[in-house]
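Below are the chains, spelled out letter by letter.
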Amino acid sequence: MDIRETENIYLEVVTCIQCKNAVCIRVCPSKAIKRQNGIVKIDKEKCVGCGICAQYCPQSVIKVISGKAFKCELCEGAPACVQVCSTGAISY
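Residues numbered from 1 in each chain as written. Predicted model: local features only at pLDDT ≥ 70, side-chain atom pairs only at ≥ 80, totals over all residues. Heavy atoms only, no water.

(A) Local environment of empty space enclosed by the protein. Scanning the model with the defined rule gives two cavities of 30 Å³ or more in all. Estimated volume of the largest cavity: approximately 100 Å³. Taken together, 14 residues line the largest cavity, and the ones lying closest to its centre are Cys-16, Cys-19, Cys-24, Cys-57 and Pro-58. Here the residues of the lining of the largest cavity sort into 11 nonpolar, two polar and one charged. The space that makes up the second largest cavity amounts to roughly 70 Å³. What lines the second largest cavity is Cys-28, Ser-30, Ala-32, Ile-33, Cys-47, Val-48, Gly-49, Cys-50, Gly-51, Cys-53, Val-64 and Ala-69. Its residues placed into classes, the lining of the second largest cavity shows nine nonpolar, three polar and no charged. (1 Å grid on protein atoms, 1.4 Å probe; cavity = no way out; pocket = protein on both sides within 12 Å on 5 of 7 lines; lining within 4 Å. Points joined across faces, edges and corners; volume = space filled by probe spheres on them. Nonpolar A, V, L, I, M, F, W, Y, C, P; charged D, E, K, R; others polar.)

(B) Main features of the state of the cysteines. Tallied over the full model, the rule gives zero disulfides. Cys-50 supplies the cysteine sulfur nearest to Cys-53, a cysteine that is in no disulfide, at a spacing of 6.2 Å. (Disulfide = S-S within 2.5 Å.)

(C) Fine view of the environment of Gln-18. Secondary-structure assignment places Gln-18 in the loop between strand 2 (9-13) and helix 1 (23-27). Remark: the alpha-carbon pair of Gln-18 and Gly-38, spanning 20 residues in sequence, is separated by 7.6 Å. A polar contact of 3.4 Å, which involves the side chain of Gln-18, links it to the backbone oxygen of Cys-72. (Helix = DSSP H or I, 4+ residues; strand = E, 2+ residues; numbered from the N terminus. Polar contact = N/O pair within 3.5 Å; in protein donor to acceptor, adjacent residues only side chain to side chain.)

(D) Representation of the nonpolar core within the structure. One finds Cys-24, Ile-33, Ile-42, Cys-53, Ile-62 and Ala-69 to be the most contacted residues of the largest nonpolar core, which totals 17 residues. No other element matches the three residues that strand 4 (residues 39-42) contributes to this core. Setting aside residues up to four positions removed in sequence, Cys-24 forms contacts with Ile-33, Val-40, Cys-53 and Ile-62. (Core = buried A, V, L, I, M, F, W, Y, C linked by side-chain atoms within 4.5 Å. Buried < 20%, exposed > 50% of the residue type's maximum accessible area, 1.4 Å probe, protein only. Contact = heavy atoms within 4.5 Å.)

Right, here's the structure in full:
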C-alpha cells in the first residue's frame, strides 16, 4: 500500500490483486462476494457489513465504509486509475 501526503490530504492507493484463490469469497457469510469475468466483486445489496472479508484479505484492501464492504473492482474492466495516471506507471 502506498500513502502519500499532499497539502494535508492523504491519498491511499488501494488496489485489489484479484487473488486467484480469493479468501474473501470463501469467508463471506452472506455470499456477497463472487468472481465475475475474473474480477472479484462485492454485491452491495447482499453485503451485511460484518467486515470478515476485510479481516481475511491478505492485501488489506477491503474496507468497510458506511456499513458496506468496498474494494477495487477494476472499474468494470476499464480502471480509471490507469486512464488518469499521467506517468503511465499503472497498467491493466
